[in-house]
Amino acid sequence: MTKLSMHAISAGVFARMLNNLSSILANAEKQAKAKGQDPNALLSAKLAPDMFHLTKQVQIATDHAKGCVARLAGQQIETIEDTETNLAELQARIRRVLAIVESYTPEQFEGSETREITIKIPNMELKFSGLDYVNQWAIPNFYFHVVTAYDILRAEGIELGKKDFLIG
């Protein structure tokens, strides 16, 4: 029986889905251009007035990925400013975060399942074990924002399917 590692259930998941998100954005850009539309117009699209736009969804998803692996490895989280104004810059951000995620080794995650992880959100501080942090906070938040980015593109008429989300 193979032991499941913290690295596999976090960095491995983030890497795969960041690649898929990159493919989804590339597909959206290609389709928008084929329709004679400005692909960068998609960046301000949102599902509802009180939700973040596409750019922010990608930024938050990438923040969760890089933040999770750093916390599990007991490292400082690399800061990336939210300055992206076009699809090329969003793709560069995804590549940068993918490189960060892939730079961590399984050995750096040893013992992280019991490491205390503290998350500060407005008016609240949440404390988790490393395993609970991955399962109850980091992965759900990451997927929420990736799915929302996908859904925004679908709502904007980009033809995507389940295969695009799961396989890229």
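Residues numbered from 1 in each chain as written. Predicted model: local features only at pLDDT ≥ 70, side-chain atom pairs only at ≥ 80, totals over all residues. Heavy atoms only, no water.

1. As for the nonpolar core
In this structure, F14, L54, V101, Y133 and L153 are the most contacted members of the largest nonpolar core, which totals 51 residues. With 12 residues, helix α1 (residues 6–34) is the largest single contributor of residues to this core. (Core = buried A, V, L, I, M, F, W, Y, C linked by side-chain atoms within 4.5 Å. Buried < 20%, exposed > 50% of the residue type's maximum accessible area, 1.4 Å probe, protein only. Helix = DSSP H or I, 4+ residues; strand = E, 2+ residues; numbered from the N terminus.)

2. A word on the pairing of strand β2 (residues 124–129)
For a regular strand, the rule is simple: side chains alternate between the two faces of the sheet. Both strand β1 (residues 116–121) and β2 contribute to a ladder of six bridges, which runs antiparallel. Looking at β2, one finds that K120 is bridged to E125. Connecting the antiparallel pair β1 and β2 is a turn made up of two residues, with N123 showing a positive phi of about 65°. (Pairing = 2+ DSSP bridges.)

3. Here we look at the side chain of T55
Take T55: it is sitting in helix α2 (residues 54–73). On the basis of relative accessible area, T55 is assigned to the buried category, the value being 6%. When near neighbours in sequence (up to four residues on either side) are disregarded, T55 contacts L43, E84 and L90. (Contact = heavy atoms within 4.5 Å.)

4. Digging into the environment of K46
Tracing the backbone shows K46 in the loop between α1 and α2. Relative accessible area serves as the criterion here: at 36%, K46 is assigned to the partly exposed category. With 51 residues separating them in the primary sequence, K46 and V97 have C-alpha atoms 23 Å apart. Contact partners of K46, with chain neighbours within four places excluded, come to M51, F52, H53 and I152. Polar side-chain contacts of K46 include one of 3.3 Å to the backbone oxygen of M51. (Polar contact = N/O pair within 3.5 Å; in protein donor to acceptor, adjacent residues only side chain to side chain.)

5. Looking at the packing of α1 against α2
Where α1 meets α2, the closest approach of the two axes is 10 Å, and the angle between their N-to-C directions is 160°. Taken together, the axes of α1 and α2 are roughly antiparallel relative to one another. In terms of crossing hand, the pair formed by α1 and α2 is left-handed. In this structure, α1 contributes M6, S10, A11, F14, L18, L21 and L25 to the contact, and α2 contributes L54, V58, T62, H64, A65, C68, V69 and L72. Here the contact of α1 with α2 is composed, by residue class, of 12 nonpolar, three polar and no charged. (Axes fitted to C-alpha atoms, helices over the stretch in contact; angles between N-to-C directions. Parallel < 35°, antiparallel > 145°, perpendicular 65-115°, else oblique. Left-handed = near helix turned anticlockwise from the far one by under 90°. Nonpolar A, V, L, I, M, F, W, Y, C, P; charged D, E, K, R; others polar.)

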